[in-house]
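These are the residues of each chain, in order.
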Amino acid sequence: MKTYYALLCMALCMLTACGGDDEYVPVEETDMEAPTAPVNLEATTVSENSISLSWGAATDNVAVTGYTLYQDNVIVLDNLETTSVLVSDLEEDATYTFYVTASDAKNNESNASNTLSVTTALTPIAFTETLSEMGIFTGTLSEITPAEGVQLYEINSTLFTDYASKQRLIRLPEGKSMEYNGDELLPLFPDNTLIAKTFYYNIDDRDPNLGKQLIETRVFLKIQGSWKTGNYIWNSDQTEATYRELGSIEAISYIDSDGATQNIAYEIPSQQDCATCHNNNDMVFPIGMKLRSMNFNPDNETINENQLDYFINNGLLTGLSSSSLVSTLPDWTDEATWDVFERSRAYMDVNCAHCHQPGGEVSNFDIDFRFETPFDDTGIYANRGEIEARIQSTAPTYRMPQLGRTIVHEEAVAMLLTYLEAIED
């Protein structure tokens with residue numbers, strides 16, 4: 001019996017001990033260590049409305065379980081399992097900042113990766129089939145009234161085109177400006193800049209209110225870093241202009257300021273002709289909007305101060321504090337202010353130098369007609385006889401310039417002949 005009770009007590013003790021083992025919960029280890037920060041955050045592709053991002057993986061003492069993307073300091077994507085992501089639904093031409101953190105299973109968050117600033121792309125501007133679609137003018141198209149955001153400008157020494165009048169306009173993308181880069185020639189233009197020049201004759205120069213004969217509107221577009229040329233030809237009803245790449249000859253008749261009827265075989269250039277003049281070292285660029293050519297007080301109803309100062313004060317030109325920091329190209333018509341040497345060099349700069357300079361279309365005469373070129377390096381003296389003959393010629397393959405005119409520019413020729421005689425003395 002004693003043996004029985006002893007065995008029973010032993011069995012009860014064993015059952016009690018086993019029950020205690022079943023209810024035991026081990027003390028859990030605590031993970032307090034955060035992952036390392038992700039590295040080398042970069043944008044791999046950028047479009048108008050999206051940005052693709054990638055980064056180097058973080059490490060952890062246990063395991064990285066996900067990544068969190070911050071956009072402008074706000075979480076936009078969480079629990080990312082990969083080291084790349086596409087961020088969409090963005091505004092075009094807008095700047096965003098991004099950084100990434102890593103997390104582990106215990107929600108320990110790493111330090112931030114490098115911060116990346118990215119600007120989305122701008123939808124490239126493009127030529128349309130008709131001029132009205134370009135949005136350059138408002139109201140009745142034939143009145144060529146600049147639309148909102150389109151700025152009139154002028155240059156003080158102009159290119160001759162068979163006595164045609166010209167309206168010059170520029171439209172910059174909203175919030176953008178031209179930038180002075182220390183050069184008094186062309187400023188830096190932002191992408192999607194539009195420059196337009198409309199050529200026309202008054203029906204009667206004695207009374208401009210009688211109306212205009214609109215011929216062509218030449219348009220420059222800066223598209224993804226490169227300039228493109230296009231031309232819109234006005235119809236006879238003056239209700240629309242249509243994009244065209246081929247050149248043509250148009251019969252124009254108008255009454256000049258003396259009451260005489262003038263008949264012009266006006267040459268509309270082809271797209272290739274435009275590229276011939278607006279080209280240097282195989283790069284297309286504008287000619288007229290050099291800062292020194294705009295540094296004067298134009299005579300128009302929208303700008304009643306120095307034109308460069310107007311552009312600066314209205315946020316159209318940045319990086320330049322005053323027009324006084326830029327020289328002025330002489331006005332070849334202003335005999336009271338400039339002598340014949342200055343005026344003639346300015347005329348040749350505007351009318352001839354785009355072809356006759358290093359990198360220009362004409363390289364076989366060893367001449368450089370840029371205003372800033374020292375006289376001894378221009379080749380003008382050595383070629384003065386050739387210059388004299390060509391500026392008086394109307395032969396298409398001999399006249400100078402060959403493009404842009406079909407008749408002799410009488411006033412300018414008189415000045416240039418005086419100049420060419422003076423440099424012989």
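Chemist: Please clarify how the overall build of the protein chain should be interpreted in this entry.
Modeler: Within the protein chain, the regular secondary structure consists of six helices and 21 strands. Relative to the 2.2 N^0.38 estimate, which gives 22 Å for 425 residues, the radius of gyration of the protein chain is 36 Å and therefore markedly larger than a compact globule would have. Considered along the principal axes of its C-alpha atoms, the protein chain spans approximately 150 × 50 × 40 Å. Scored against the burial criterion, the 425 residues of the protein chain give a buried share of 44%. Intrachain contacts of the protein chain at a sequence separation of at least 6 include 59% that bridge at least 24 residues.

Chemist: Any chance you could explain unusual backbone geometry here in plain terms?
Modeler: Most peptide bonds adopt trans geometry, and most residues besides glycine take a negative phi value. The residue after M400, namely P401, is reached through a cis peptide bond having omega -5 degrees. Note on placement: P401 falls in the loop between α5 (384–391) and α6 (410–422). Despite not being glycine, Q238 has its phi angle at roughly 60 degrees, a positive value. Structurally, Q238 can be placed in the loop between β15 (226–234) and β16 (241–243). Located in the positive-phi region is N281, a residue other than glycine, with phi close to 50 degrees. Note on N281: relative accessible area 57%, which makes it exposed.

Chemist: Help me understand the pairing of strand β6 (residues 95–104) in this model?
Modeler: Burial runs high along β6: eight of the 10 residues are buried. In the sheet, strand β3 (residues 64–71) pairs with β6 via seven bridges, with the strands oriented antiparallel. Paired with Y70 across the strands is Y99, a residue of β6. Bridging between β6 and strand β7 (residues 116–119) involves four bridges; their strand directions are antiparallel. Each bridged residue has a counterpart across the sheet, and for Y96 the counterpart in β7 is V118.

Chemist: Please explain the sheet that holds β16 as it appears in this structure.
Modeler: In any sheet, the strands associate via hydrogen bonds between backbone groups, in a parallel or an antiparallel arrangement. In spatial order, the strands read β10-β11-β13-β14-β15-β16; together these six strands make up an open sheet with antiparallel pairing. Among the strands making up the open sheet, the edge pair consists of β10 (150–153) and β16. Across the sheet, the mean angle from the axis of one strand to that of its neighbour is 25 degrees, orientation sign disregarded.

Chemist: I'm lost on the packing of aromatic side chains in this one. Help?
Modeler: Any pair of aromatic rings gets described here by the distance separating the centres and the angle formed by the planes. Per the stated rule, a full pass over the model turns up 13 aromatic pairs. Ring plane angle 15 degrees and centroid distance 4.6 Å describe the contact between Y70 and Y99, whose orientation is recorded as stacked. Linking Y70 in strand β3 with Y99 in strand β6, this pair joins segments that are 29 residues apart in sequence. Since its relative accessible area comes to 13%, Y70 is described here as buried.

Chemist: What is the right way to look at the packing of helix α4 (residues 340–351) against α6 in this model?
Modeler: Helices that pack against each other are described as a pair by the angle of their axes relative to one another and the distance between those axes. At a closest axis distance of 9 Å, the pairing of α4 and α6 adopts a crossing angle of 120 degrees. In terms of orientation, α4 and α6 fall into the oblique class. When you trace α4 past α6, the crossing you get is left-handed. Residue-level contacts link V340, F341, R343, S344, R345, Y347 and M348 of α4 to A412, M415, L416, T418, Y419 and A422 of α6.

Chemist: What should I look at first to understand the sheet that holds β7 in this one?
Modeler: Strand order in the open sheet formed by four strands is β4-β3-β6-β7, and the pairing between neighbours is antiparallel. The open sheet has two free edges, formed respectively by β4 (74–80) and β7, since each of these has just one partner strand. When strand polarity is set aside, the average angle formed by the axes of neighbouring strands in this sheet is 25 degrees. Across four bridges, the pairing between β3 and β4 is antiparallel. Bridging across to β4, Y67 finds its partner in L80.

Chemist: Help me understand α6 in this model?
Modeler: One turn of an α-helix holds 3.6 residues; hence residues three or four places apart share an orientation. Over its 13 residues, α6 extends 18 Å from the first C-alpha to the last, a length consistent with the 18 Å expected when each residue adds 1.5 Å. Of all the residues in α6, the buried ones are A412, V413, M415, L416, Y419 and L420. Across the axial projection of α6, the buried residues extend over an arc of 165 degrees, all falling on one side. Residues of α6 that are buried sit in contact with α4 and α5.

What counts, and at which threshold
Residues numbered from 1 in each chain as written. Predicted model: local features only at pLDDT ≥ 70, side-chain atom pairs only at ≥ 80, totals over all residues. Heavy atoms only, no water. Helix = DSSP H or I, 4+ residues; strand = E, 2+ residues; numbered from the N terminus. Rg over C-alpha atoms; globule rule 2.2 N^0.38 Å. Buried < 20%, exposed > 50% of the residue type's maximum accessible area, 1.4 Å probe, protein only. Contact = heavy atoms within 4.5 Å. Pairing = 2+ DSSP bridges. Axes fitted to C-alpha atoms, helices over the stretch in contact; angles between N-to-C directions. Phe/Tyr/Trp six-rings, centres within 6.5 Å; stacked < 30°, edge-to-face > 60°. Parallel < 35°, antiparallel > 145°, perpendicular 65-115°, else oblique. Left-handed = near helix turned anticlockwise from the far one by under 90°. Expected span 1.5 Å × (residues − 1). Arc of directions from axis to C-beta.

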